[in-house]
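An overview of the molecular structure
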Amino acid sequence: MKIGGFQKMTVLDYPGKVACTVFLAGCNFRCPFCHNALLVTKQNENEISAEAVIDYLSRRKGLLDGVCITGGEPLLNEDIELLLNPIKQLGYSIKLDTNGSRPQMLRRLVEKGLVDYIAMDIKSCPEDYPVVSGVKGLDFTDIRDSIQYIISCGIDYEFRTTVVKGLHTVDSVTSAAKMIRGAKRYYLQGFKDSGELINTSGLSAHSREAMEEMLLQVRKYVPDAEIRGL
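None of these values were measured; they are calculated from a predicted model. (Residues numbered from 1 in each chain as written. Predicted model: local features only at pLDDT ≥ 70, side-chain atom pairs only at ≥ 80, totals over all residues. Heavy atoms only, no water.)

Quick notes on helix H8 (residues 208–218)
Put simply, the test is: A simple rule labels every residue: compare its accessible area, found with a 1.4 Å probe on the protein chains alone, to the largest value its type can have, and call it buried under 20%, exposed over 50%, or partly exposed in between. Secondary structure elements are defined from DSSP: runs of H or I of at least 4 residues count as helices, runs of E of at least 2 residues count as strands, and each element is numbered from the N terminus. The reported arc concerns the directions from the helix axis to the C-beta atoms and nothing else. In this analysis, two residues are considered to be in contact whenever any of their non-hydrogen atoms come within 4.5 Å of each other.
What H8 keeps buried is the set Met211, Met214, Leu215, Gln217 and Val218. The arc enclosing the buried residues of H8, seen along the axis, measures out at 160°, which places them on a common side. Away from its buried face, by an angle of more than 90 degrees, H8 presents the exposed residues Glu209 and Leu216. Contacts from the buried residues of H8 go to strand E6 (156–165), helix H7 (170–179), strand E7 (186–190) and strand E9 (225–228).

Structure representation (structure tokens):
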């Protein structure tokens, strides 16, 4: 397990909580619009020890409520429990970000009581997943399994799609919403160029008007849908 970044406080990443965010390096997707390219390709040189994170959290008890575990794709780390267990022992709530490609690992962590909130990225509609995820021939089965498990497992959750002009249309976003029909919560996130994208060719943000049109269509399938990040 390689920790490539650590944000010591956030009021944005974990709904309703004052939290910190731990960035785990490495990912099995290559989404061209990814804003953390260094983490994805494991080129980040700012490696932080798990011990340093736990030490910080032990000193911030009572000041922080939760910890966000993000990436990269955190569930690629078979030893992730070595980080999650001591965090839970300190009394923190844990939010896990995932691309949904490892449903078996997700289930394992939830069943062990190591996750309190799940945020899964819905990259696009099923037929566009290989392009949007940057993985040719991607098997969609694991993505679908994760969606079904998250909706039914009893843990609080959200789904979210970063909407990018050049990759997403009203039709593709609407199709993605159909795929998670009846979900508790869904966010359409505005695309922003962080300066560290994997591939910037032809990518830009949709207008607010276009995003609002997408939201109208999405709410037919997920009534509690919102736009975030504009």
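Some words on the packing of aromatic side chains
Threshold: Working definition: rings of Phe, Tyr and Trp (its six-membered ring) pair if their centres are within 6.5 Å, and the pair is stacked with planes under 30 degrees apart, edge-to-face with planes over 60 apart, and tilted otherwise. We call a charge positioned over a ring when the NZ of a Lys or the CZ of an Arg lies within 6 Å of the ring centre and within 35 degrees of the ring normal.
The tally for this structure, following the rule as stated, stands at four aromatic pairs. Measuring from centroid to centroid gives 5.3 Å for Phe6 and Tyr56, while their planes differ by 85°, and the two rings are edge-to-face. With Phe6 in strand E1 (residues 3–10) and Tyr56 in helix H2 (residues 50–59), this residue pair connects regions lying 50 residues apart in the sequence. Judged by relative accessible area, Tyr56 falls into the buried class, the value being 10%. Aromatic side chains Tyr129 and Phe140 sit 5.0 Å apart centroid to centroid with 75° between the ring planes, which places their arrangement in the edge-to-face category. Residue Tyr129 is located in helix H5 (residues 129–133), and its partner Phe140 is located in the loop between H5 and helix H6 (141–152); the two are separated by 11 residues in the primary sequence. Stacked on the ring of Tyr187, the Lys or Arg Arg228 has its end atom at 3.8 Å from the ring centre.

Section: the side chain of His168
Residue position: His168 is located in the loop between E6 and H7. Overall, the relative accessible area of 2% leaves His168 in the buried class. Not counting residues within four places of it along the chain, the set of residues in contact with His168 comprises Lys123, Ser124, Val132, Thr161, Thr162, Val163, Val173, His206 and Met214.

As for the state of the cysteines
To keep it simple, the criterion reads: Counting rule for disulfides: a pair of cysteine sulfur atoms within 2.5 Å.
Counted by the stated rule, this structure contains zero disulfides. Of all cysteine sulfurs in the structure, the one in Cys20 sits closest to Cys68, which takes part in no disulfide; the separation is 7.3 Å. Residue classification places Cys68 among the buried positions, given a relative accessible area of 1%.

With respect to unusual backbone geometry
Omega for the peptide link from Gly71 to Gly72 comes to 5°, which places this bond in the cis form. Looking at where Gly72 falls in the secondary structure, it is placed in the loop between strand E3 (66–70) and helix H3 (81–89).

A short note on the layout of surface pockets
The condition is simple: As defined here, a cavity is a set of points on a 1 Å grid over the protein atoms alone where a 1.4 Å probe fits but cannot get out. A pocket is an open set with protein on both sides within 12 Å along at least five of seven lines, and residues line them when an atom is within 4 Å of a point. Grid points are joined across faces, edges and corners, and a volume is the space filled by probe spheres set on the points. Side-chain classes are defined by residue name, with Ala, Val, Leu, Ile, Met, Phe, Trp, Tyr, Cys and Pro counting as nonpolar, Asp, Glu, Lys and Arg as charged, and the others, Gly among them, as polar.
Empty space within the largest pocket amounts to approximately 1,200 Å³. Taken together, 40 residues line the largest pocket, and the ones lying closest to its centre are His35, Asp121, Arg160, Thr162 and Gln189. Put simply, the parts of the chain that give the lining of the largest pocket at least two residues each are E1, strand E2 (19–24), E3, strand E4 (93–98), E6 and E7. Among the elements that take part in the lining of the largest pocket, E6 stands out by supplying four residues, more than any other. Among the residues making up the lining of the largest pocket, the classes are represented as 13 nonpolar, 16 polar and 11 charged.

Side note on the pattern of salt bridges
To be explicit about the condition: Definition used for salt bridges: Asp or Glu carboxyl oxygen within 4 Å of a side-chain nitrogen of Lys or Arg.
Under the definition given, this model contains 16 salt bridges. Its salt-bridge partner being Asp116, residue Lys88 comes within 2.8 Å of it at the nearest N-O pair. Remark: Asp116 occurs in the loop between helix H4 (103–111) and strand E5 (117–121) and Lys88 occurs in helix H3; sequence separation between them is 28 residues. Since its relative accessible area comes to 28%, Asp116 is described here as partly exposed. Among the salt bridges present, the one from Arg107 reaches Glu111, with a minimum N-O distance of 3.9 Å. One end of the pair is Arg107 and the other is Glu111, both in helix H4 and four residues apart, which spans about a single turn. Arg107 sits in the partly exposed class, given a relative accessible area of 40%. A single salt-bridge network, built from bridges that share partners, covers Lys95, Asp97, Asp121, Lys123, Glu158, Arg160 and Arg228.

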